[in-house]
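Geometric and topological summary
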Amino acid sequence: MSKVIKILGTGCPKCKSMTSVVNDVVSENNIEATIEKVEDIMEIMKFNVMSTPALVIDDVITIKGRVPSKAEVLALLN
Amino acid sequence: MFDWLQHFADWLIYSVFGIGAETHLGVALNFFIYDTNKILILLFVIVFIMGIVNTYFPIERLKDYLNRKKLYGLEYFFSSIFGAITPFCSCSSVPLFIGFVQGGIPLGVTFSFLITSPLVNEVAVAMFIGMFGLKATLIYVVSGILLGTIGGWLLGKFNLEPLLSDWVKQILDNNMQQAEFQEEKRTFYQRLPEITNSAWDIVKGVLLYVIIGIAIGAAMHGYVPENFFNDYLGGGEWWTVPLAVIIAVPMYANAAGIVPVIEVFVAKGVPLGTAIAFMMATVGLSIPEATLLKKVMSLKLIAIFFGVVTLCIMLSGFVFNILL
């Protein structure tokens, strides 16, 4: 089943590095997923997160406020 | 503590490069080598320690604490302390603001957090220890926390809720869906590599600012005459405090870059209190921050917020100059 990955962040350096980590993990492991960047603050607040960047997988917030390692993202996606 | 580093800098510049200890260039280079290394070591250590603190006190837990406990007026003080220990990222200030207000935390208490968060951050603290020593750092941190406490309390006295943006008011009116959050269950040792990595990332992120700041500082150390500011810029006159603050408010500078320059100002005759006020105004308030806050506040509210904080910073500048 294809996963829906959302990256919440207004575009700070940390959000960009999270995006690249997630992109790498998805393409390196041929994971079926759509990656969506949510940059609008009003949309971000709908997830009720207080620190960005946040990683949302299938509508569950898994990481917030920090940049995860590739291994961690891979574990979350499996 | 850093004697060995000074010996290293002496050896490198005076012996290896053979630049005389009595030349301007020698002094400036020596200062640059010594300071850059010292600062980078301190930065890493402080950021690492704060990283550990933060895994145990995530912002959600602090918010909960403020929400549940009856603190009898101390909530401004606690909120300000929490602001100090939370790592500051300008892009997080808006989500933080909404999260707090939505969680039922009064606007004034939220402001306490918002004031202290950029003012007292791990980078500024590390730079301060490196440049001015522990005592001045303690004064900086304590006064930053007090400033947040008083500023937030003052702002809480005005009726500011009507000045929030419309969509923030809407959020306050309708309870939004609460997304599910998986609690951290990893042990300290599992988190350690990530804390180390993010400490490295922060140090790498400010490296350039540190080097540029210290390079400017080093050049000024070597070339600006002693008591230059006393002789030409009014040194300790009372009006230098408001002037320094007003110049600094719109400026946006990384603490890593600004502290080395301020250190030279102090070494050449600017009173420490004026310098601290300048530093606070630079890191605490800026045009980019105001632009971000525009999403949640009306211009009038931003103006009141900036005005109150600016006044508080000026006052603390005067107090420092009397006390120090």
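In what follows, the accompanying structure is described. Just so we're clear, the structure is a prediction, and the values are computed from it rather than from any experiment. (Residues numbered from 1 in each chain as written. Chains lettered and ligands numbered in written order. Predicted model: local features only at pLDDT ≥ 70, side-chain atom pairs only at ≥ 80, totals over all residues. Heavy atoms only, no water.)

Residue and element names in this part refer to chain B. In total, this model carries 12 aromatic pairs over all chains according to the counting rule given. Taking the centre distance of 6.3 Å and the plane angle of 50° together, the rings of Phe-78 and Phe-82 count as tilted. Placement of the pair is Phe-78 and Phe-82 together in helix H4 (residues 75-85), with a separation of four residues, close to one helical turn. The exposure class of Phe-78 is partly exposed, given its relative accessible area of 23%. Taking the centre distance of 4.9 Å and the plane angle of 45° together, the rings of Phe-128 and Phe-132 count as tilted. Of this pair, Phe-128 and Phe-132 both sit in helix H7 (residues 122-157), four residues apart, which is roughly one turn of that helix. Note on Phe-128: relative accessible area 1%, which makes it buried. Ring-pair connections join several aromatic residues into one group, and the members of that group are Phe-97, Phe-111, Phe-305 and Phe-306. (Phe/Tyr/Trp six-rings, centres within 6.5 Å; stacked < 30°, edge-to-face > 60°. Helix = DSSP H or I, 4+ residues; strand = E, 2+ residues; numbered from the N terminus. Buried < 20%, exposed > 50% of the residue type's maximum accessible area, 1.4 Å probe, protein only.)

Angle between the axes and distance between the axes: these two values describe a pair of packed helices. Residue and element names in this part refer to chain B. Look at helix H12 (residues 255-267) against helix H13 (residues 272-284): their axes get within 10 Å of each other, and the N-to-C directions meet at 160°. Put simply, H12 runs roughly antiparallel to H13. For H12 against H13, the interelement crossing comes out right-handed. On the side of H12, the interface is formed by Ala-255, Ile-258, Val-259, Ile-262 and Val-266, while H13 contributes Leu-272, Ala-275, Phe-278, Met-279, Thr-282 and Val-283. Of the residues belonging to the contact of H12 with H13, the class tally is 10 nonpolar, one polar and no charged. (Axes fitted to C-alpha atoms, helices over the stretch in contact; angles between N-to-C directions. Parallel < 35°, antiparallel > 145°, perpendicular 65-115°, else oblique. Left-handed = near helix turned anticlockwise from the far one by under 90°. Contact = heavy atoms within 4.5 Å. Nonpolar A, V, L, I, M, F, W, Y, C, P; charged D, E, K, R; others polar.)

Along a regular strand, successive side chains alternate from one face of the sheet to the other. Residues and elements named next belong to chain A. Among the five residues in strand S4 (residues 60-64), five count as buried, and that is most of the element. In this structure, strand S3 (residues 54-57) lies alongside S4, joined through four bridges in antiparallel fashion. Looking at S4, one finds that Ala-54 is bridged to Lys-64. What sits between S3 and S4 in their antiparallel hairpin is a turn of two residues, with Asp-58 showing a positive phi close to 50°. (Pairing = 2+ DSSP bridges.)

Note: α-helices contain 3.6 residues per turn, so residues at a spacing of three or four share the same orientation. The first and last C-alpha atoms of H7(B) sit only 30 Å apart over 36 residues, clearly below the 52 Å expected at 1.5 Å per residue. The principal kink in H7(B), of about 130°, is found at Phe132(B). (Expected span 1.5 Å × (residues − 1). Bend = angle between axes of the 7 residues up to and from the residue.)

Further remarks concern H12(B). Residues and elements named next belong to chain B. Relative to the 18 Å expected for 13 residues at 1.5 Å per residue, H12 spans 18 Å between its end C-alpha atoms, a close match to the ideal helical length. Burial analysis of H12 places 10 of its 13 residues in the buried class, the great majority of the element. Listed as buried for H12 are Ala-255, Ala-256, Gly-257, Ile-258, Val-259, Pro-260, Val-261, Ile-262, Glu-263 and Val-264. Close packing links the buried residues of H12 with helix H2 (24-56), H7, helix H9 (188-223) and H13.

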